[in-house]
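# Topology and contacts: notes
The primary structure of each chain is shown beneath.
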Amino acid sequence: MSDSVPVITIDGPSGSGKGTVTGRVAERLGWWVLDSGALYRLVGYAVEQAKIGFNDQNKISEIASKLNVKFDHGVIRLGGIDVTTAIRTETAGNNASKVAAMPGVRQALLDWQRDYARLPGLVADGRDMGTTVFPDAGLKIFLTASAAERAQRRYKQLKEKGLPANLAALTAEIEERDARDRNRAVSPLVPAADAIEIDSTALTIENVVERVLQQAHAVYATPYRPLSGRQN
Ligand code: C5P
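Sequence order sets the numbering: in each chain, residues are counted from 1 along the sequence as written. The predicted nature of this model means local features are confined to residues of pLDDT at least 70 and side-chain atom pairs, given and counted, to a pLDDT of 80 or more, with totals for whole chains, interfaces and linings taken over all residues. Computation of side-chain values covers all heavy atoms of the structure but excludes hydrogens and water.

## What about helix α5 (residues 103–114)?
The condition that has to hold: Only DSSP runs of H or I reaching four residues or more are called helices, and only runs of E reaching two or more are called strands; each is numbered from the N terminus. A helix's residues, less one, multiplied by 1.5 Å, set its expected span. In this description, contact between two residues means that some pair of their heavy atoms is separated by no more than 4.5 Å.
Along its 12 residues, α5 runs 17 Å from first to last C-alpha, staying within 8% of the 16 Å computed at 1.5 Å per residue. For α5, the elements touching its buried residues are β2 (32–35), α2 (36–50), α3 (57–65), α4 (90–100) and α6 (129–133).

## Remarks on the pattern of salt bridges
For clarity, the threshold we go by: Any Lys or Arg side-chain nitrogen located within 4 Å of an Asp or Glu carboxyl oxygen qualifies as a salt bridge. Per-residue accessibility, obtained with a 1.4 Å probe over protein chains only, is compared with the maximum for each type, and a residue is labelled buried under 20%, exposed over 50%, and partly exposed between these values.
Counted under the stated rule, the structure contains 18 salt bridges. Where R106 meets D128, a salt bridge forms, and the shortest distance between an N and an O atom there is 3.0 Å. A residue pair is termed long-range when its members are at least 10 positions apart, and R106 in helix α5 and D128 in the loop between β6 (122–126) and α6 qualify at 22 residues. Note on R106: relative accessible area 7%, which makes it buried. The class for D128 is buried, based on a relative accessible area of 2%. Through salt bridges with shared partners, a single network forms among R24, R28, E206 and E210.

## What to know about the packing of α2 against α3
Going by this rule: Each axis is a line fitted through C-alpha atoms, and for a helix only the stretch in contact is used; angles between axes span 0 to 180 degrees, taken between their N-to-C directions. To sort the angles, those under 35 degrees are grouped as roughly parallel, those over 145 as roughly antiparallel, those from 65 to 115 as roughly perpendicular, and the leftovers as oblique. Less than a right angle of anticlockwise turn of the near helix away from the far helix marks a crossing as left-handed, whereas a clockwise turn marks it as right-handed. Throughout, the ten residues Ala, Val, Leu, Ile, Met, Phe, Trp, Tyr, Cys and Pro are labelled nonpolar, Asp, Glu, Lys and Arg are labelled charged, and all others, Gly among them, are labelled polar.
The N-to-C vectors of α2 and α3 enclose an angle of 120°; their axes lie 10 Å apart at closest approach. The angle between α2 and α3 places the two elements in the oblique class. Helix-helix and strand crossings are classified by hand; for α2 and α3 the assignment is right-handed. From α2, V43, A46, V47 and A50 reach across to α3, where they touch I60, I63 and A64. For the contact of α2 with α3, the residue count by class is seven nonpolar, no polar and no charged.

## Digging into the nonpolar core
Where we set the bar: Nonpolar cores were defined as sets of buried Ala, Val, Leu, Ile, Met, Phe, Trp, Tyr and Cys residues, with membership established by side-chain atoms within 4.5 Å.
L42, V43, L78, V105 and F134 are the most contacted members of the largest nonpolar core, which totals 33 residues. Mapped by element, the contributors of at least two residues to this core are α2, α3, β4 (75–78), α4, α5, β6 and α6. Once you skip the residues sitting within four places of it in the chain, L42 turns out to touch L67, V69, F71, I76, L78, V83 and I87. Judged by nonpolar contacts, the second largest core, of 18 residues, contains V21, L139, I141 and A216.

## Focus: the sheet that holds strand β3 (residues 69–72)
Backbone hydrogen bonds hold the strands of a sheet together, and the pairing may be parallel or antiparallel. Here is the rule we go by: Strand pairing follows a simple DSSP-based rule, namely that at least 2 bridges must link the two strands.
Here three strands make up an open sheet; going across it, the order is β3-β4-β5 and the pairing antiparallel. The two strands at the open ends of the sheet, each matched to only one other strand, are β3 and β5 (81–82). With four bridges connecting them, β3 and β4 associate as antiparallel partners. For V69, the partnering residue across the bridge sits in β4 and is L78. Strands β3 and β4 of the sheet are contacted by α2, whose axis makes an angle of about 35° with β4.

## Observations concerning the sheet that holds β6
The strand order across the open sheet built from five strands is β2-β6-β1-β7-β8, with neighbouring strands paired in parallel fashion. Both outer strands of the open sheet, β2 and β8 (196–199), are each paired with one neighbouring strand and no more. For this sheet the average axis-to-axis angle between neighbouring strands, irrespective of direction, equals 20°. Here five bridges tie strand β1 (residues 7–11) to β6, and the two strands are oriented parallel to one another. Along β6, the bridge assignment pairs I8 with V123. Here helix α1 (residues 18–29) sits on the sheet in contact with β1, β2, β6 and β7 (139–144), set at roughly 180° to β6. Strand contacts of α2: β2 and β6, with the helix running at about 40° to β2, the strand carrying the most contacts.

## Examining α2
Think of an α-helix as 3.6 residues a turn; residues three or four steps apart then line up on the same face. Between its first and last C-alpha atoms α2 spans 22 Å; for 15 residues at 1.5 Å apiece the expected length is 21 Å, and the two agree. The element α2 is extensively covered by neighbouring structure, given that 11 of its 15 residues are classed as buried. Every buried residue of α2 is accounted for by S36, A38, L39, Y40, R41, L42, V43, G44, Y45, A46 and V47. Immediately downstream of α2, the backbone of K51 shows phi near 55°, a positive value.

Laid out in structure tokens, this is it:
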């Protein structure tokens, strides 16, 4: 990463609202977005397609280093096939979390992720953006929410997309995925020492976006006007 590129990292557990907050902050600033979870989801998906199982770390790391992916105006193609929706299922999320525990996979994706840091700036969404991928980022956010609230949000999201969803199963899956992400040896899900923690359980997305934009203004002097009707 070039030191002259401003970077905001937004890390946190699944369902904390990172993806939406990242997209909206980037839109307001006119900056680039890195959805690092999508890269792990793509690796998990490619492994499933290759039918090699989730134990062969060497082969899986090789798959990660050779992924043929194209991001095109919101459409994600893997080997030419549109996988935009297929990588968003809970199974794909779980498979992503399995391959994400493998050091070889994380290493294979590292430079690729750092390459996203381009002017005028980058908002990077993930688990280890502030700790490992962009340790020098000027603004690091760690976004949390209770597991019950996150399961509810995921349930709503899936339903809106017309995908199957079961609240009890989602809660269990979220807790299982959190435990795997927090307890893995390499790049575990922990806030960076200099991260600002925001608990979004009782906040709206707009509240969180405003807080991040205020911080970005303080650090990078990005343009910032509070939403109309609000006095700060
Ligand atoms: O953010 P998302 O739910 O799409 O991520 C899917 C999985 O990918 C996470 O549960 C996590 O295991 C893994 N991941 C990661 N590091 C990142 C982004 C995602 O380990 N920076």
